[in-house]
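So the chains spell out like this:
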Amino acid sequence: MPPQLTPTMNPPLTRLQKRKGTRKGERRPGGGSSLRPAGKAHDWYSGGRITSNGRWFRDSQNRTLLLRGVNLCGNSKLPTTPNGSTHLNEGFFDHRNVCFLGRPFPRDQADEHFSRLRRWGLTFVRLLVPWEALEHSGPGIYDEKFIDSLVELIDLMPKYGIKCFIDPHQDCWSRFSGGSGAPGWTFEAAGLDLRKFKATGAAYVHNTNQEAGDSPPMVWPTNYTKLAASTMFTLFWAGDTFAPNKMYQGEPIQQFLQNRYFACYNHLAQRLSHLDAVIGFEVMNEPHPGYIGLESLTRYEFNSNLVFGDSPSAVEGFALGDGMALPIEVWVKSWPFPTKKQGTRIINSEKVSAWLEGECIWKQHGVWSVNQKTGKPQVDRPDYFTTHPLTGEPIDFSRFYLDFVGKYSKAVQKAIPSAFVFVEPIPNEAPPIWGPGDHEEGIVYAPHWYDLHSVFNKAFDGRITHDVQGLSKGKNVLAATYFGLKGARKNYRGQLANILNAGLQNVGNKPCLIGECGIPMDINQRKAFMNGDFGHHSRFLDAILSSLEANLLSFTLWNYNTTNDNTYGDHWNGEDFSIFSLDSPQGTPEAGRSPGSNTQLTLRQQAPNFAKEAMKRSAASNADVVSKLQIKRTGHESDSYGSFVGEKEGADNDDECRTSNEEDTIAEDSPFDRSYFRFEDEEYDDGRDHIAHVGGRALDAVVRPYAAKVAGEPISTEFDLATLQFTFRFCNYLQAPIPCVQVSSPEKQQQRTVTSNAASNNSDASSDSTLESQWYGHPPEDDTTMAFDTEIFIPSYHYEEARLDIRVSDGDWRYVKERQTLYYRHKDMKPGAVHSVLIKLVSGSPLPHSHNNSSSTSVNKTGGVDSHGRSKRAAGSPGPSKLKSDSAYGSNSSSQQVGKAESDAGCVCTIM
């Protein structure tokens, strides 16, 4: 048995009575070994480089990583000059003279936004960098100033524990075909006139479709089936096969477009190759096959395509683009099917052409023609896109896509050899099957998932949800209907399990990360914007995140948008998904005050430039604290707590309290080997009222505990939003490599401590020797032992005001509130041994806030805790579960049985 740890209890410090550093002679519970620096759970640098092993991400210590973060951000799809918001059209067609500087946000706002993401535990970023942002001026002409701004921004990420991967984001090919992504000159290369897309129905572009009678917003996905986007995707993936006659600047169109794309992102990878924050590149956001594999050119299948608004078939789209006027079906929302035909309307009455020169490219290649008798378009080669035009062999889009993935991966990994390559399937379809010869190195399966029914209808009340995934595959409507929030979780959990299993089967045993998931914030007729009640939003998002967690999936939420407001949402095509908004109401600490009530001011009302105002407030708040609290050493130097007095003449400030000799400050090490003083120089969260939470939406669900770094393989994780109970289970690896760090043996620890204490003339040397000699885990067989640290993010947003009951199955733990982190070191090292962590509120304690709504600053304060994260020994009657008492840091080294042992950190500490 390890030596008994008997802490010396001292008066607790208040939150503001803080000191930086630990000097020689101060008590250092848990030992004084030189370990690797221990970071926050949600700091992705403390564990070293991110790698992978099978389906899991790993760090340098071979711990399993469960990554989570955000897409940054929706406004990156749009230029800043001219303003690219899709409700505007000034300068829209001047596509070569645009600028994306300031995306995702200006440099002077970086501290505000990165700090907020760190505080929320969302420190893994999918960074949107559309092709247009890099190469808008013309082929091979890169916007180096924009890239410089990206380098500067990404270079700041390590300060906040943030890592990222680059997303070459696109929707429906380009802004000029109703989405985002490719530069405007790519249409010119294909021979298309982007100024004629509206008249010919070749695309529905929000910037230009603003007239009465036009289809309503949120129809942008229908552009995937319209002429402009479908043609561009077909030429991009397989122009050599389906349009061999099309050349541009001496190159076949497919080679021209793909080579520009490869060169562009290879160039970006070279520019970012020195940045530790960048771990990889995505291939392409939500790729689409265009016409490839399309079985019918006369009607789109509504089970696999969104048929809504003006809905021409493929051949009708060809004819409209070629200058014909045709009656086109108009579809509207319905039930139980998403849409139904309402009628028809004439499109292209002016009979203009969408082609710069000559006739339709598909007409040139013999796909269709005009019937000389009827004057209507007719299909001449109905199987043109399903069989090879020359050989007649069946066409499989996967082959084109996987070949592209291989070439793109080589282009990126030539610049960054260790880069991950994130690969998405076609939305809502199974991924392609990897075969011999397909690129394997660094591949991450990165699909997207949304509740498409709720997204399309912008509605959620928790009563009924539908399995759209199953319906698209022919599932019975009744069987695809789920009732209540419990049913919603079951529905979502099953859909995500299908996605995960399809990836493991087709892509292989590779990591899986859900690249996009989230909810529209303008659901239910935008009522929350008026009454501030985001309860439905929190329940909706909690159902989604709980289902992701049930499948042990890493994910990046869509999205964090720094320019979001209640009027135009994310400023792109009528979407409003951002978990942050300039128009989100600021709460109040007054009990019972409803968040978002009409009497509260929004960020926009408080300050026109909220970003600068927030930083100004934060700086003023910090300055106020420093001016009011000065720390003065009194009495003998061996007093590890010191004395704290108010501001007065001659009082030393915090920095002056530190010794001038750098060697007197002990280096940072493991949380199990540090006095809590070592955390006092770190950022501290003041709970739900912290200014960083202002602007957040549905934060009750967004901000949640999770096991970020696991010294083993995860088994299950669950967070109950109603009770704030968090449960996590994992097991030891069955085979090496195992996560480990080396620490000195107890004998050497004790020898170091005695020497240090003697040099400092510490009168309490014997007590410190006992503390320093403590080790964790199995006894060492030689000079070293291995320590196993699992790190769990414990958000102060939920738990700042709470008294916690922390239970572990075995081993030791330490809760460091300043870091929002619970460190857990298990003891049972047997291969496959299962470990559990349970975190809940102390029985009988009130919830620290109401869950009736989810404004980030809504709070009814109850209770209070200090920040030490230590548990003290207490005796009590044994409970029915025979729980063991914990040592000073939550260990199970004592066999004394207790009922409820309360710590000076507001924690009840037990062993399960």
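Just so it is clear, the model here is predicted, and its values are computed rather than measured.

A. The arrangement of the overall build of the chain in detail. When helices and strands are tallied, the chain shows 22 helices and 33 strands. Of all intrachain contacts in the chain linking residues separated by at least 6 positions in sequence, the fraction that spans at least 24 positions is 72%. Just so you have it, the chain exposes about 34,200 Å², and 51% of that area is on carbon and sulfur atoms.

B. Highlighting helix H8 (residues 314-321). In terms of residue burial, H8 counts as a mostly covered element, since seven of its eight residues are buried. Gly323 sits one or two positions beyond H8 and adopts a positive phi of about 100°.

C. Quick peek at the pairing of strand E15 (residues 420-423). Residue alternation in E15 divides its side chains into two sets, Phe420 and Phe422 and Val421 and Val423, and both sets are buried. In this sheet, E15 lies alongside strand E9 (residues 278-282) in parallel orientation, the contact comprising three bridges. Among the inter-strand pairings, Gly280 is bridged to a residue of E15, identified as Phe420. Examined bridge by bridge, E15 and strand E16 (residues 443-445) share three bridges and lie parallel to one another.

D. Molecular detail of the sheet that holds strand E20 (residues 554-560). The strand order across the open sheet formed by eight strands is E16-E15-E9-E6-E5-E4-E20-E19, and the pairing between neighbours is parallel. Looking at strand neighbours, the two that pair on one side only are E16 and strand E19 (513-514), the edges of this open sheet. Across the sheet, helix H7 (residues 253-272) touches strand E6 (163-167) and E9, and the angle it forms with E9 is around 175°.

E. Up close: the packing of aromatic side chains. Scanning the model with the defined rule gives 51 aromatic pairs in all. Between the aromatic rings of Phe236 and Trp237, the centroid separation amounts to 5.1 Å while the plane-to-plane angle is 75°, which identifies the pairing as edge-to-face. A cation over an aromatic ring shows up here: Lys77 above the ring of Trp572, its NZ or CZ 3.2 Å from the ring centre. One cation-aromatic arrangement involves Lys163 over Tyr45; the distance from NZ or CZ to the ring centre is 4.7 Å.

F. Fine view of the side chain of Ser409. Mapped onto the elements of the fold, Ser409 is located in helix H10 (residues 397-415). Given a relative accessible area of 0%, Ser409 falls into the buried group. Apart from residues lying up to four places away in sequence, Ser409 is in contact with Val421, His439 and Ile443.

G. The arrangement of helix H13 (residues 484-506) in detail. Between its first and last C-alpha, H13 extends 33 Å over 23 residues, near the 33 Å set by a 1.5 Å rise per residue. Every buried residue belonging to H13 is among Gly487, Ala488, Asn491, Tyr492, Gln495, Leu496, Ala497, Ile499, Leu500, Ala502, Gly503 and Asn506, and all of these are buried. Buried residues along H13 sit against E16, strand E17 (464-466), helix H12 (468-471), strand E18 (481-483), E19 and helix H15 (535-550). Two residues or fewer after H13 comes Gly508, characterised by a positive phi angle close to 115°.

H. Region of the structure containing the pairing of strand E24 (residues 713-720). In terms of strand pairing, E24 meets strand E25 (residues 725-731) through seven bridges, oriented antiparallel. Looking at the pairing, Glu713 lines up with Cys731 of E25. Here E24 folds back onto E25, and the loop between the two strands holds four residues, one of which, Leu724, carries a positive phi near 65°.

I. Spatial organisation of the nonpolar core. Among the nonpolar cores identified, the biggest contains 154 residues, and Phe114, Ile154, Trp237, Leu268, Phe281, Phe318 and Trp362 are the most heavily contacted of them. Listed in part, the 22 residues of the second largest apolar core include Val710, Ile806, Val808 and Tyr824.

J. Summary view of the side chain of Arg68. Mapped onto the elements, Arg68 comes out in strand E4 (residues 68-72). Here Glu549 takes part through its side chain, which lies 3.1 Å from a polar atom of the side chain of Arg68. When neighbours within four sequence positions are excluded, Arg68 is seen to be in contact with Trp44, Gly121, Leu122, Thr123, Phe124, Glu549, Phe555, Arg704, Pro705 and Tyr706.

K. Fine view of the sheet that holds strand E3 (residues 64-65). The antiparallel open sheet is built from seven strands, whose spatial order is E1-E2-E3-E23-E28-E31-E30. Bordering the open sheet on either side are strand E1 (51-53) and strand E30 (812-816), each of which pairs with just one other strand. Relative to strand E31 (residues 821-825), E30 runs antiparallel, the two sharing five bridges. Counted as the bridge partner of Tyr815 is Leu822 from E31.

L. Main features of the packing of helix H3 (residues 144-154) against H7. Interhelical geometry of H3 versus H7 gives an angle of 45° and a closest axis separation of 10 Å. Regarding the angle of H3 to H7, the classification is oblique. Along this stretch, H3 crosses H7, giving a crossing that reads as right-handed. Contacts between H3 and H7 involve Glu144, Ile147, Asp148, Leu150, Val151 and Ile154 from the former and His267, Leu268, Arg271 and Leu272 from the latter. Tallied by class, residues from the contact of H3 with H7 come to six nonpolar, one polar and three charged.

M. Molecular detail of the environment of Pro336. You can see Pro336 is positioned in the loop between strand E11 (326-333) and strand E12 (339-347). By relative accessible area, Pro336 is classed as partly exposed at 38%. C-alpha separation for the pair Pro336 and Val477, spaced 141 residues apart in sequence, amounts to 7.8 Å.

N. Highlighting the packing of H13 against H15. It is the contact of H13 with H15, at a shortest axis distance of 8 Å, that shows an interaxial angle of 40°. Taken together, the axes of H13 and H15 lie oblique to each other. The handedness of the crossing between H13 and H15 comes out as right-handed. Contact residues: H13 offers Leu485, Ala488, Arg489, Tyr492, Arg493 and Leu496, while H15 offers Arg539, Phe540, Asp542, Ala543, Ile544, Ser546, Ser547, Leu548 and Ala550. Residues belonging to the contact of H13 with H15 are distributed by class as follows: nine nonpolar, two polar and four charged.

O. Local environment of unusual backbone geometry. Looking along the chain, the bond that leaves Thr81 and enters Pro82 is cis, with omega of -10°. Among the secondary structure elements, Pro82 is positioned in the loop between E4 and helix H1 (110-119). For the peptide bond that leads from Trp558 to Asn559, omega is -5°, which places it in the cis range. Examined against the element boundaries, Asn559 turns out to sit in strand E20. Even without being glycine, Cys172 reaches a positive phi, approximately 55°.

P. Expanded view of the confidence of the model for the chain. In the predicted model, the chain carries a mean pLDDT of 78, and 71% of its residues have values of at least 70. Note on residues 674-681: pLDDT under 50 across the span, and 42 contacts to partners over four residues away in sequence or across chains.

Q. Expanded view of the environment of Phe534. Relative to the helices and strands, Phe534 is located in the loop between helix H14 (527-531) and H15. For Phe534 and Ala698, which are 164 residues apart along the polypeptide, the C-alpha to C-alpha distance reads 6.0 Å.

R. Seen up close, the pattern of salt bridges. Scanning all chains against the criterion turns up 34 salt bridges. Here Arg807 makes a salt bridge to Asp805, at a shortest N to O gap of 3.0 Å. Comparing Arg807 with Asp805, the two get one shared label, buried.

What counts and how
- Residues numbered from 1 in each chain as written.
- Predicted model: local features only at pLDDT ≥ 70, side-chain atom pairs only at ≥ 80, totals over all residues.
- Heavy atoms only, no water.
- Helix = DSSP H or I, 4+ residues; strand = E, 2+ residues; numbered from the N terminus.
- Contact = heavy atoms within 4.5 Å.
- Areas by Shrake-Rupley, 256 points an atom, 1.4 Å probe, with all protein chains shown as cover.
- Buried < 20%, exposed > 50% of the residue type's maximum accessible area, 1.4 Å probe, protein only.
- Pairing = 2+ DSSP bridges.
- Axes fitted to C-alpha atoms, helices over the stretch in contact; angles between N-to-C directions.
- Phe/Tyr/Trp six-rings, centres within 6.5 Å; stacked < 30°, edge-to-face > 60°.
- Lys NZ or Arg CZ within 6 Å of the ring centre and 35° of its normal.
- Expected span 1.5 Å × (residues − 1).
- Core = buried A, V, L, I, M, F, W, Y, C linked by side-chain atoms within 4.5 Å.
- Polar contact = N/O pair within 3.5 Å; in protein donor to acceptor, adjacent residues only side chain to side chain.
- Parallel < 35°, antiparallel > 145°, perpendicular 65-115°, else oblique.
- Left-handed = near helix turned anticlockwise from the far one by under 90°.
- Nonpolar A, V, L, I, M, F, W, Y, C, P; charged D, E, K, R; others polar.
- pLDDT = per-residue confidence, 0-100.
- Salt bridge = Lys/Arg side-chain N within 4 Å of Asp/Glu carboxyl O.

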